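Coordinates in review
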Amino acid sequence: VDIQDEGSQLLALLVGARPGELVIDFCAGSGGKTLALAAEMGNRGRLLALDIDAGRLARGAARCSKAGVCNVQRRVVAPGADAWLKRQKQKAARVLVDAPCSGVGAWRRNPDARWSRSGLTLRE
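Residues numbered from 1 in each chain as written. Predicted model: local features only at pLDDT ≥ 70, side-chain atom pairs only at ≥ 80, totals over all residues. Heavy atoms only, no water.

Concerning the overall build of the protein chain
If you tally the helices and strands in the protein chain, you get 5 helices and 4 strands. The N-to-C order of helical and strand elements in the protein chain reads α-β-α-β-α-β-α-β-α. Here the protein chain holds 124 residues, and the buried ones make up 36% of them. Restricting the contact set of the protein chain to residue pairs at least 6 apart, pairs at least 24 apart contribute 70%. By element, 53% of the accessible surface of the protein chain is carried by carbon and sulfur atoms, the whole surface being about 7,400 Å². (Helix = DSSP H or I, 4+ residues; strand = E, 2+ residues; numbered from the N terminus. Buried < 20%, exposed > 50% of the residue type's maximum accessible area, 1.4 Å probe, protein only. Contact = heavy atoms within 4.5 Å. Areas by Shrake-Rupley, 256 points an atom, 1.4 Å probe, with all protein chains shown as cover.)

Thoughts on the environment of Asp-53
Mapped onto the fold, Asp-53 is located in the loop between β2 (46-51) and α3 (54-67). The exposure class assigned to Asp-53 is partly exposed, which follows from its relative accessible area of 29%. Taking the C-alpha atoms as reference, Asp-53 lies 8.1 Å from Val-77; in sequence the two are 24 residues apart.

Regarding unusual backbone geometry
A positive phi angle, near 55°, is found at Cys-27, a position not held by glycine. Its relative accessible area of 10% is what places Cys-27 among the buried residues. Phi at Gln-90 takes a positive value of approximately 65°, unusual for a residue other than glycine. Along the polypeptide, Gln-90 turns up in the loop between α4 (83-87) and β4 (94-97). Here Gln-90 falls in the exposed class, since its relative accessible area comes to 76%.

A look at the packing of helix α2 (residues 32-40) against α3
Where α2 meets α3, the axes come as close as 9 Å, and the angle between the chain directions of the two elements is 35°. Seen along the crossing, α2 lies across α3 with a hand that is right-handed. Between α2 and α3, the residues in contact are Gly-32, Thr-34 and Leu-35 and Arg-63, Cys-64 and Ala-67, respectively. Taken together, the residues of the contact of α2 with α3 break down into 3 nonpolar, 2 polar and 1 charged. (Axes fitted to C-alpha atoms, helices over the stretch in contact; angles between N-to-C directions. Left-handed = near helix turned anticlockwise from the far one by under 90°. Nonpolar A, V, L, I, M, F, W, Y, C, P; charged D, E, K, R; others polar.)

Remember that the coordinates give geometry; whether it matters functionally is a separate question.
Following this line, the structure appears as structure tokens:
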């Protein structure tokens, strides 16, 4: 069992991802929306989970493995201009962007995390 936020599940439904498509989950974080998208795709197609934080993506990898999801590829992207990202232009059928990739959306689940952030971390 993997507890997911209702908002993550609703966003994934609104994306309308279908089996066989290439779908990009920007700001994937620890993978709640990624898991919901994979379920919508029937674990078929290609799902790219992107984030600027390698640690959050690693937590998402563990969640995907636990759930038996095998169509997800994870990639850390550079804030700002990212050469790999530019090459992906117009390749995806659907894109979910949960900006600004700051991780503050998880504060509701982990309220103590807000006190471990500095102004510099949030600006990045």
